[in-house]
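Breakdown of the fold
Spelled out, the chains give:
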Amino acid sequence: QRYHYDPAGHVIRYEDGQLVQGFTRGDGETGDDITQNLRPLRAIPLRLATDQPPRVLEVRGEAYIAMDEFAALNERLSAEGEKTFPNARNATAGALKQLDPALVATRPLRAVFYGVCALEGVGWPTHTECLHALRAYGLPTKQPWSCRSMAEVLDVYTREVVSGYDEAHDARSRVPYEIDGIVVKV
C-alpha cells in the first residue's frame, strides 16, 4: 500500500503513545507502508515512554545501518554464501522493504529522529525542547546545540560543525553512518 506524504524522511505515527504506522520516503510523492518491518526494531519503541502521550505524534527521521555494523553484516552474508550489499544505504532501504519482518529483525537497523510532522495534545515552544521530549519518549535523537545568539551559532558552527574547515574532523566525520551532508537548523 502506498501513502502520500512529505518526502523529507521516513515517518512514524503514534496514536495515544502506540506505534500505528510507518512509511518510507518512497519516490518523493508516495511512500511505502513499512509498519510491520518497524515492529521488530529495538531502535523504534512500540509504545512511547510516557504516561501522558500526545494524542497524535508523527515523527520524521532516518533509518540507518552504522558503518561498522554494515561491514559485519556483509562479512556474515558472504560467509553464508549470500549476496552482499554495495553500501549501507542500499542495505537499509532493502531491509525496510522486505516482505518478511523476521528477516528485517536480523539486520542491524537503527534510527534517528529529527522532526515532527503532526502533533495533537502537546506542544513545545522550541525545536530544542521538541527534540528533548522525543528523546524522553524513547525515540533516538541527536543532542542539539542550544545557542542564545547569532555569535554563539557562528562559534558552534565553526568549532563543532566544520571544525575549523578541517573535513577530516568535521561533523560529517563523527556520524556513524553514511550521509550526504549535515543540516544545521537555526
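Computed from a prediction, not measured in an experiment: that's the story for all the values here. (Residues numbered from 1 in each chain as written. Predicted model: local features only at pLDDT ≥ 70, side-chain atom pairs only at ≥ 80, totals over all residues. Heavy atoms only, no water.)

A look at the confidence of the model for the chain
Low-confidence regions, as indicated by low pLDDT, have predicted coordinates that should not be scrutinised in detail. The condition that has to hold: Each residue carries a pLDDT value, the predictor's own confidence for that position, ranging from 0 to 100. Secondary structure elements are defined from DSSP: runs of H or I of at least 4 residues count as helices, runs of E of at least 2 residues count as strands, and each element is numbered from the N terminus.
Summing up the model confidence of the chain, the mean pLDDT is 85 and the portion of residues at 70 or higher is 93%. Averaged pLDDT values for the elements of the chain fall to 39 in strand E1 (residues 2-4) and rise to 94 in strand E3 (residues 18-23).

Thoughts on helix H3 (residues 88-96)
The condition is simple: Exposed residues in this analysis have more than 50% of their type's maximum accessible area, buried residues have under 20%, and partly exposed residues fall in between, with area computed by a 1.4 Å probe over protein chains only. The arc in question is traced by the directions running from the helix axis to the C-beta atoms. Contact between two residues is taken to exist if any of their heavy atoms lie within 4.5 Å; hydrogens are not considered. Polar contacts, as used here, are pairs of N or O atoms within 3.5 Å; protein pairs need one atom able to donate a hydrogen and one able to accept it. Residues neighboring in sequence count only if both atoms are side-chain atoms.
Among the residues making up H3, those that are buried are Ala-88, Ala-91, Thr-92, Ala-95 and Leu-96. Along the axis of H3, the buried positions cluster into a sector of 125°, meaning they face one direction only. Looking at the buried residues of H3, the elements they touch are strand E2 (10-15), helix H1 (35-38), strand E5 (56-65), helix H2 (67-79), helix H4 (101-104) and strand E6 (109-120). Taking the backbone nitrogen of Arg-89 as reference, a side-chain oxygen 3.1 Å away marks Asn-87 as the first, capping residue of H3.

Focus on helix H6 (residues 150-161)
The complete set of buried residues in H6 reads Val-153, Val-156 and Val-161. On an axial view of H6, the arc spanned by its buried residues comes to 70°, and they lie on one face. Structural note: H6 exposes Ala-151 and Leu-154 on the side pointing more than 90 degrees away from its buried face. Taken from the residues just after H6, Ser-163 is the one with a positive phi, measuring 45°.

Some details on the state of the cysteines
Note the cut-off: Counting rule for disulfides: a pair of cysteine sulfur atoms within 2.5 Å.
Inspection of the entire model under this criterion finds zero disulfides. Take Cys-130: it sits in no disulfide, and the sulfur closest to it among the cysteines is that of Cys-117, at 10 Å. A relative accessible area of 6% means that Cys-130 is categorised as buried. Distance from the sulfur of Cys-147, which forms no disulfide, to the nearest cysteine sulfur (Cys-130) is 17 Å. A relative accessible area of 27% means that Cys-147 is categorised as partly exposed.

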